[in-house]
Amino acid sequence: MKMSCSSPSTSEIKSKLLAHITQALQADGGRLLILAKPLARRAQVYTYGLQPQTTTPIEKNSVWQDILYTEATNDRASNLPDPIDRIAERQLLKPLFAAFGNVGIESLLILPLRSDRQCIGCLTLFRSAPIPPQAARWTDEELKLAQSLAAELYLAVMAQRVAQMCGNRAYYDVLTGLPNRLLFSQLLTLELAKIPGDSEVLATIFLGLDRFKNINDGISYRFGDRLLQLIAERLKNTLDDRAIVGRWGGDEFAILIPALADRAAVNIIADRVLQCFDLPFMFDRNFANLKTNSLYIKSSMGIAIATSRGQDSQTLLKHADAALDRAKHNGRNNYEIYSTPTYHLTPVGATSVAEHRLQLEHMLDSVCAGLAGRAIDDRQLLLHYQPQIDIHTGKISGIEALLRCQDLYAKLINPADFIPIAEETGSILPMGEWVIRTACKQKKSWQDRGFGNFPIAVNFSVKQLQDRHLIETIIEILAETGLAPAALEVEITESIAIKDLDLAIAILESLREIGVKISLDDFGTGYSSLAILKYLPLDRLKIDRSFIRELHANTVDAGIVRTIVNLGHELNLKVVAEGVETVEQLEFLRSINCDTVQGFLFSRPLPAAELETTIAKGSYWQHPSSHPYN
Ligand code: C2E
Ligand code: MG
Ligand code: MG
């Protein structure tokens, strides 16, 4: 029996279906419970043939409730359903014994209608006492048929529900007209239930806009809204009709792409989506009172792939979300496909974001308790160092210290995950001090052992900039370690400086007076870059790695990078390119006269001891045209 998913099924159709199913399975009676959907009417029960004599629906009994509300395990989905024979012997069915016995019902088959976690109802079939009594009540073929009929029923009911939701404005985002979270999740659940086995994959994409907050805060919310509409439009035009684009909320979109041939197809689509942000978004110049009528915005995406039917939609969404976090952390304007996480806090359990955050907070607390007593456990907080290379000589011209936190299982946690929390909880201050002190000590030790004459750079958070004792602390640490001020460099990001420009100017000027070097990190990503350059006392500009990443493919980014280099030189600043990963990027940067490069091409951030052999060699290449690994 084939059921149509497209024709809207009425109560009548459901009753007829139930009759067909009951007969096809040679049962004497059947019941179909359809649970209430979100925001909707009450549950419905359809009956056919022989029924137990009860006043309340049997589905209220704990046997049914367990089936409806206990999460399905994977093996239950693949195994055959378990019929309940000899009802009289079942303790839990005792209250119903008479109700079944009086009409001669002897055996039950209960089939939940579910694909993943979401159970939408239940089909129950009854058989009266068979003759002879010892014969099997249900054959394996019958059980298999029952199972696939229940799966078809699930699909039909879900399709009908989703079709109804699609026609209801309550399930659409008012601003963009895209399906909202609720509808998107249901569409995903339905598509997941339809994956035809191993031959197709389905991709769920979470797309976040890079630095959208700058637009909302820096221009206006009205403008931000307009931009979201343009982006929604562009996403829809970029993808074909089978793809579903939804608005997840804020600056996040969710995209569902069913029926892809394989994983490679996922990459092709993800590239296409990323590239659709290469062109600027156009709007009426008067609209936001801007000097231009176009604006670039980039996006980051997290992707989760489902390859088998009935995978749980909530887990898939969670994975896409986690992948988006990683994509953002890995430099934005890119995408990550979910795979088992590298930074796990605990080997078992601990999956929810809230739980994860709590663990981090707890750990930061314990780290900072150590800091207060000056007895910081080096196994918990540590610095990795990444060299910066003079592009013309191939020699190390600086080293950036990057903070790492280690959990109890010795897994490293990246700053993007714990620094925002440390900022909120205030533990960033003792941590920041620890960073400066440790980096200065390390630098002094390298200096004493004759490892070159380059400064060591530390990153500053906004809270540190607001700390009234910052300058004193730095003077104290320099005195304590015996390091010359010019050997220390402070990196602050544009977004931090712009938060309180007056304060940033005052602090940086004091630092400059002491002799500490200052560089502007992640340059090009903030909103008021040029104003900042005018007012801040700076030594170096670090071009954000999102521009470097796209150099090969994106002439706009190449233009921006060239312009930043020229601008920096015009202002007597040295320019550093971050995130250099390929020889092509290096060659381009060399051709436009960029001064310094930093990135995985030369070295990942490493523990001091591991970096020392490289520092000892002094240079990465002998001649500008030779390979950088020499
Ligand atoms: P940042 O200062 O811009 O640091 C550069 C980041 O780029 C580092 O990430 C580094 O590992 C990464 N990176 C370097 N080369 C490449 C490359 O070739 N390709 C790619 N994809 N990435 C590369 P990390 O260590 O995860 O740090 C992230 C951010 O956390 C830093 O960005 C900085 O803003 C912040 N941070 C790090 N340490 C500290 C600290 O001690 N205090 C404060 N307040 N912030 C810190
Ligand atoms: Mg930095
Ligand atoms: Mg940076």
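Keep in mind the model is a prediction, meaning the values are calculated, not measured.

Rules used in this analysis
Residues numbered from 1 in each chain as written. Chains lettered and ligands numbered in written order. Predicted model: local features only at pLDDT ≥ 70, side-chain atom pairs only at ≥ 80, totals over all residues. Heavy atoms only, no water. Donors = N, O, S within 2.8 Å, 3.2 Å for Na, K, Ca; no water. Helix = DSSP H or I, 4+ residues; strand = E, 2+ residues; numbered from the N terminus. Buried < 20%, exposed > 50% of the residue type's maximum accessible area, 1.4 Å probe, protein only. Pairing = 2+ DSSP bridges. Axes fitted to C-alpha atoms, helices over the stretch in contact; angles between N-to-C directions. Contact = heavy atoms within 4.5 Å. pLDDT = per-residue confidence, 0-100. Near = heavy atom within 4 Å. Polar contact = N/O pair within 3.5 Å; in protein donor to acceptor, adjacent residues only side chain to side chain. Areas by Shrake-Rupley, 256 points an atom, 1.4 Å probe, with all protein chains shown as cover. Nonpolar A, V, L, I, M, F, W, Y, C, P; charged D, E, K, R; others polar.

> How do you make sense of the coordination of the magnesium ion (ligand 2) when you look at a structure like this?
Four donors placed tetrahedrally around a metal ideally meet at 109.5 degrees, and six donors placed octahedrally ideally meet at 90 or 180 degrees. Protein coordination of the magnesium ion (ligand 2) is provided by Glu400 (OE), Asn459 (OD1), Glu491 (OE) and Asp521 (OD), with donor distances spanning 2.0 to 2.2 Å. One chain supplies every donor to the magnesium ion (ligand 2), and in sequence these donors are spaced E-x58-N-x31-E-x29-D. In this structure the magnesium ion (ligand 3) is found 4.2 Å away from the magnesium ion (ligand 2), and Asp521 serves as a bridging donor for the pair. Taken together, the positions of Glu400 in strand β13 (residues 396-406) and Asp521 in strand β17 (residues 517-523) put the pair 121 residues apart, joining distant regions of the chain. Comparing Glu400 with Asp521 shows no difference in burial state: the two are buried.

> Can you walk me through the sheet that holds strand β2 (residues 44-49) in this structure?
Adjacent strands of a sheet pair through backbone hydrogen bonds, lying either parallel or antiparallel. The antiparallel open sheet is built from 4 strands, whose spatial order is β2-β1-β4-β3. Two strands close off the open sheet at either side, each with one partner strand: β2 and β3 (105-114). Each neighbouring strand pair of the sheet contributes to a mean axis angle of 15 degrees, computed without reference to strand direction. Packing of helix α1 (residues 11-24) onto the sheet brings it into contact with β1 (29-34), β2 and β4 (119-128), and relative to β2 it is tilted by some 40 degrees. Across the sheet, helix α2 (residues 62-69) is in contact with β1, β3 and β4; its angle to β3 comes to roughly 25 degrees.

> Would you mind showing me how to read the confidence of the model for the chain here?
Any region with low pLDDT has predicted coordinates that should not be read closely. In the predicted model, the chain carries a mean pLDDT of 83, and the fraction of residues at 70 or more is 84%. Taking the mean pLDDT of every element in the chain, the minimum, 45, falls on helix α3 (residues 74-78) and the maximum, 98, on strand β15 (residues 456-459). Note that pLDDT drops below 50 for residues 1-8; the model gives that stretch 12 contacts with residues more than four away or on any other chain. Long-range and interchain partners of residues 341-351, a stretch whose pLDDT sits below 50, account for 21 contacts in this model, where long-range means more than four residues apart.

> How do you make sense of the site of ligand 1 when you look at a structure like this?
In the neighbourhood of ligand 1, 24 residues make up the surrounding shell, with Asn459, Asp521, Arg545, Glu581 and Phe600 lying closest. Within the side chain of His329, one N or O atom sits 3.3 Å away from an oxygen atom of ligand 1. Taking Leu403, its main chain carries an N or O atom lying 3.0 Å from a nitrogen atom of ligand 1. If ligand 1 stood free it would expose 800 Å²; the protein chains cover 88% of that surface. Elements supplying a minimum of two residues to the shell around ligand 1: β13, α13 (415-425) and β17. A total of 4 residues in the shell around ligand 1 trace back to one element, the largest contributor, which is β13. Of the residues in the shell around ligand 1, the class split is 9 nonpolar, 7 polar and 8 charged.

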